[in-house]
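The primary structure of each chain is shown beneath.
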Amino acid sequence: MAVRRVVKYGEKILKKKTRPVNFSKERKLLGAIIRDMFDTMIFAGGMGLSANQINLNMRLTVIRDKITDNEFKDYVLINPEIMAKSGTQKGQEGCLSFPGLFTEVKRFSRVKVKALNDKGLPVEICADGLLARALQHEIDHLNGITFIERLPLITRVKLKPVLRKLKKEWARMDESSMAKESRWKRENR
Ligand SMILES: [Zn+2]
């Protein structure tokens, strides 16, 4: 298990559009990166994580969709693109790059996404509800857009002091050292 440090809001890489993955050239590296992304996402309690959130400039995202309390479906999406979208939904959203911040975000209610999976095979996902929301959130990340940019201007203005306060807390946060510490505690109990 390797939990990596999650990049926080304010760090430049989150604002940059990520570079497409060349699957045949990069396939050897991808396995370890994808495993670390799942480890990091699960450790931090997220539903999705994009590669630029662990400081890698790659068009790659992972999502864990909870089906029931003990059932889930994992998605690995390489070079994902939204092909079609419809309807609107409003719901609470959080982001591992903004720990502690939850806010209502308006999204499309249904999306169709095409991508490559972890084996480099083309896949198409038609999603609604929470999975559709997660797909839009993560693909936004890969395009250099964070969820606060999807909020109405008035809400963003109101959030400014909250973000300023949270940023001070994030400066001391590092998931990789937190994971090591909790493992050490478990092993030395
Ligand atoms: Zn996010």
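Basis of the calculations
Residues numbered from 1 in each chain as written. Predicted model: local features only at pLDDT ≥ 70, side-chain atom pairs only at ≥ 80, totals over all residues. Helix = DSSP H or I, 4+ residues; strand = E, 2+ residues; numbered from the N terminus. Rg over C-alpha atoms; globule rule 2.2 N^0.38 Å. Buried ≥ 20, exposed ≤ 12 C-beta atoms within 10 Å, placed from the backbone. Contact = placed C-beta atoms within 7 Å. Pairing = 2+ DSSP bridges. Axes fitted to C-alpha atoms, helices over the stretch in contact; angles between N-to-C directions. Expected span 1.5 Å × (residues − 1). Bend = angle between axes of the 7 residues up to and from the residue. Core = buried A, V, L, I, M, F, W, Y, C linked by C-beta atoms within 7 Å.

Q: Whenever I open this one, the overall build of the protein confuses me. Can you help?
A: Helix and strand content of the protein: four helices and seven strands. For 189 residues, the compact-globule estimate of 2.2 N^0.38 gives 16 Å, and the C-alpha radius of gyration of the protein, at 17 Å, lies within 12% of that figure. By its C-alpha atoms, the protein is 50 × 45 × 35 Å across when sized along the principal axes. Burial statistics for the protein: of 189 residues in total, 28% are counted as buried. A separation of at least 24 residues holds for 64% of the contacts in the protein among residues at least 6 apart in sequence.

Q: It is not clear to me how the environment of Ile 13 should be interpreted in this structure. Could you clarify?
A: Position of Ile 13 among the secondary structure elements: in the segment before helix H1 (23-44). As a C-alpha pair, Ile 13 and Asn 52 span 39 residues in sequence and 6.4 Å in three-dimensional space. In this structure Ile 13 touches Val 7, Asn 52, Asn 55 and Asn 57, once residues within four positions along its chain are discounted.

Q: Sorry, what's going on with the sheet that holds strand E3 (residues 71-86) here?
A: Picture the strands of a sheet paired through backbone hydrogen bonds; they go either parallel or antiparallel. Reading across the sheet, the five strands line up as E1-E2-E3-E6-E7 and stay open at both edges, with antiparallel pairing between neighbours. Each end of this open sheet is capped by a strand with a single partner; those strands are strand E1 (48-50) and strand E7 (122-128). Neighbouring strand axes in the sheet, compared pairwise and without regard to direction, differ in orientation by 40 degrees on average. For strand E2 (residues 60-68) and E3, the ladder comprises eight bridges, and the chain directions are antiparallel. Note on E3: the bridge partner recorded for Ile 63 is Tyr 75. Sheet strands in contact with H1 are E1, E2, E3 and strand E6 (110-116), and its direction is about 45 degrees off that of E2. Against the sheet, helix H2 (residues 129-142) engages E1, E2, E3, E6 and E7, with an angle of about 165 degrees to E2.

Q: Could you clarify how one ought to interpret helix H3 (residues 153-170) in this entry?
A: Because an α-helix completes one turn every 3.6 residues, residues spaced three or four positions apart along the sequence face the same direction. When the terminal C-alpha atoms of H3 are compared, their 24 Å separation across 18 residues agrees well with the 26 Å that a helix rising 1.5 Å per residue should span. At Lys 160, H3 shows its maximal kink, close to 40 degrees; a proline, Pro 161, follows between one and four residues later.

Q: Would you take a moment to explain unusual backbone geometry for this structure?
A: One can expect most non-glycine residues to show negative phi and most peptide bonds to be in trans. Phi is positive for Asn 55, close to 70 degrees, though the residue is something other than glycine. The topology assignment puts Asn 55 in the loop between E1 and E2. Residue classification places Asn 55 among the partly exposed positions, given that 13 C-beta atoms sit within 10 Å. In this structure, Asn 79 is a non-glycine residue whose phi angle is positive, near 50 degrees. In this fold, Asn 79 is placed in strand E3.

Q: For this particular structure, what's the right way to read the nonpolar core?
A: One broad rule of soluble globular proteins: the nonpolar side chains tend to lie buried together. Counting 30 residues, the largest nonpolar core has Met 37, Val 62, Ile 63 and Leu 135 as the members making the most contacts within it. Those elements giving two or more residues to this core turn out to be H1, E2, E3, E6 and H2. Of the residues forming this core, the biggest block, six residues, is contributed by H2. Once residues lying within four places of it in the same chain are set aside, the contact partners of Leu 135 are Ile 63, Val 111, Val 113 and Ala 127.

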